[in-house]
Amino acid sequence: MNSYKEKLFKVVTYTASMFTIVLLFGIIVSIFREGIPLFRVVSLKDFLGGLAWYPTHENPQFGIRTLLAGSVYVTLGALMVAIPLGLGSAIFVSEIARPRLRELAKPVIELLAGIPSVVYGLFGMAFLAPLIREWFNLDTGLNIFTSSIILGIMIVPIIASMSEDAISNVPKALREASYALGGTKWETIAKVVVPSAKSGIIGSVLLGFGRAIGETMVVLMVAGGSAQMPKSLFQSVRPMTSTIAAEMGETVVGDLHYRSLFAIAIVLFGITFLSNLITELVFLKRR
Amino acid sequence: MVKAQIRTEDLKLWFGENQVLKAVNIEIHRKLITAMIGPSGCGKSTLLRCFNRMNDLIPETRIKGKVMVDEENIYHPKANVTEIRTRVGMVFQKPNPFPKSIFKNVAYGVTIQGKLNKSETQDRVEKSLRDAWLWDEVKDRLHESAFSLSGGQQQRLCIARALANNPEVLLLDEPTSALDPQSTARIEELCLELKSRVTILIVTHNIAQAGRISDYAAFMYLGELVEFGETSKVFTVPQDKRTEAYLTGVFG
């Protein structure tokens, strides 16, 4: 009886894990199968390097350079917002806050991660964008600047919580060594604690990067959506993710536009795969 | 008689409600080795950590009484804690090098103080490593990680790191308890060599070690300084029954 249960348990968990892996591979295979045929018509160079994104029926052009630039600018902007905020709060929570405040602050920061991205988008669209438009006297508040801020706030919890774990895992003995050599609290944090937690902090930033570049809803709502090469922080862009989300409904299954969106998905997959891979390697090295 | 390097006056210490030190009065003599012995939890490490104010880092610590280093009360409200810690260096039970290069480990203290230029820093690092008998082993790989050293070498690196601040006093908190016998012997010899320059206080569980290297010995029991005197006397004709019992292995 018991061994029957044991076997059943094994079979169930095995099936679940196999199912997950098969699903994942199924998705990867299908985006490649739908996307790759585009390159029979459009060269890889024109696709990645082309400036014009005109997915029209006649004389279409499928250059994603502006979309790629949109994604990269918004993501880098988000990191510039999120790294100081996330690292700052991680340091505060683990090194400076009193135990009671720490117990309060950490779950609050992690709670931010539970807010659906569409809510962030809504907030950005309704409150932040009009504010930015007024402050900087712009035609529209839906631009790189605004979406970087919203996206940045969205990934703060990832960076803060993972960095906090890395920082509080730094052995107490190292802090004591620094104090015993005449180090102040600040010197100890800046020269010993943070450098010792370096790999965890880098990992958190890479994870935040992967999350930001794949984020769709926020950029769809707040980035403005025009496929142009931005000349300033206050111009609208159309990141890769929002292009796929916005245009998929207009395509005919199997046509070039449809295939080009899958090809964009391949590029996105490649970028996130790479950043996750580096994250894994960074952590592997630490162990 | 020369004035004592460190002197405590009715030093009492509590962790929360728990009194760990009970009115300790002790005089530590200049450029000699004083060993602090006693069973686990007797307060000997806590007393040691009073001399460079490391107990400040433990929340809910309360201290009464005075600790005079060179006749200056280091618990005075206006005392400069970081400056005191450069004068009174410390080496811990487990070697705790920073995850940095050998060079940067030794240079840490002088780097944060920023008083020395680059070549002076290099000279100081070399001198400290020589004084800790580590120079010959590491001179060709100063920029490798400190973790590439063996346990005994790491502990000597920690000694070099403390010496780089030119301290007057060196506090050693069971410095050999995590080391093999050979590394232990080397650090004991090193202590005997260093006492010509610094006052050394060593907490040890190892009675034989205290007998081998110390000039003065302090026996502590349940937060009290039970007996203090020249090691030769404390070890041969202990005045207190408890000291005698500990030294003969009745408890401990």
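Worth saying up front: this structure is predicted, and the values here are computed from it rather than measured. (Residues numbered from 1 in each chain as written. Chains lettered and ligands numbered in written order. Predicted model: local features only at pLDDT ≥ 70, side-chain atom pairs only at ≥ 80, totals over all residues.)

Engineer: I'm lost on the overall build of chain B in this one. Help?
Structural biologist: Helices and strands together make up the secondary structure of chain B, namely 10 helices and 11 strands. Computed over its C-alpha atoms, the radius of gyration of chain B comes to 18 Å, within 12% of the 18 Å expected for a compact globule of 252 residues. Its C-alpha atoms give chain B principal-axis dimensions of roughly 55 × 45 × 35 Å. The 252 residues of chain B split such that 45% are buried. (Helix = DSSP H or I, 4+ residues; strand = E, 2+ residues; numbered from the N terminus. Rg over C-alpha atoms; globule rule 2.2 N^0.38 Å. Buried ≥ 20, exposed ≤ 12 C-beta atoms within 10 Å, placed from the backbone.)

Engineer: What exactly am I supposed to notice about the interface of chain B and chain A here?
Structural biologist: Interface size is commonly expressed as the accessible area that is lost once the parts come together. Each partner contributes to the interface: chain B provides 20 residues, whereas chain A provides 14 residues. When residues of the side of chain B that touches chain A are traced back to their parent elements, those giving at least two are α2 (81-87), β7 (88-91) and α3 (102-113) of chain B. When its residues are assigned to classes, the side of chain B that touches chain A shows eight nonpolar, eight polar and four charged. (Contact = placed C-beta atoms within 7 Å. Nonpolar A, V, L, I, M, F, W, Y, C, P; charged D, E, K, R; others polar.)

Engineer: Before we go on, may I ask you to explain helix α4 (residues 118-131) of chain B in this structure?
Structural biologist: Because each turn of an α-helix spans 3.6 residues, side chains separated by three or four positions end up pointing in the same direction. All names here are of chain B. An ideal rise of 1.5 Å per residue puts 20 Å on 14 residues; α4 measures up with 20 Å between its terminal C-alpha atoms. Among all positions of α4, only Val 125, Ser 128 and Leu 129 are buried. The arc that holds the buried residues of α4, viewed along the axis, is 95°, so those residues lie on one side. Exposed and facing more than 90 degrees away from the buried side of α4 are Ser 119, Glu 120 and Asp 123. Buried residues in α4 make contact with α3, α5 (135-138) and α6 (151-163). (Expected span 1.5 Å × (residues − 1). Arc of directions from axis to C-beta.)

Engineer: What's the story with the sheet that holds β7 of chain B in this structure? I'm lost.
Structural biologist: Sheets are built from strands that pair by backbone hydrogen bonding, the pairs being arranged parallel or antiparallel. Residue and element names in this part refer to chain B. Spatial strand order, β7-β8-β9-β4-β10-β11: six strands in an open sheet with mixed pairing. Two strands lie at the open edges of the sheet, namely β7 and β11 (224-230), each paired on one side alone. Ignoring which end each strand starts from, the neighbouring axes of this sheet average 15° apart. Where strand β8 (residues 169-173) meets strand β9 (residues 199-203), five bridges bridge the pair, whose relative direction is parallel. In the strand pairing of β9, Leu 172 is matched with Ile 202. (Pairing = 2+ DSSP bridges. Axes fitted to C-alpha atoms, helices over the stretch in contact; angles between N-to-C directions.)

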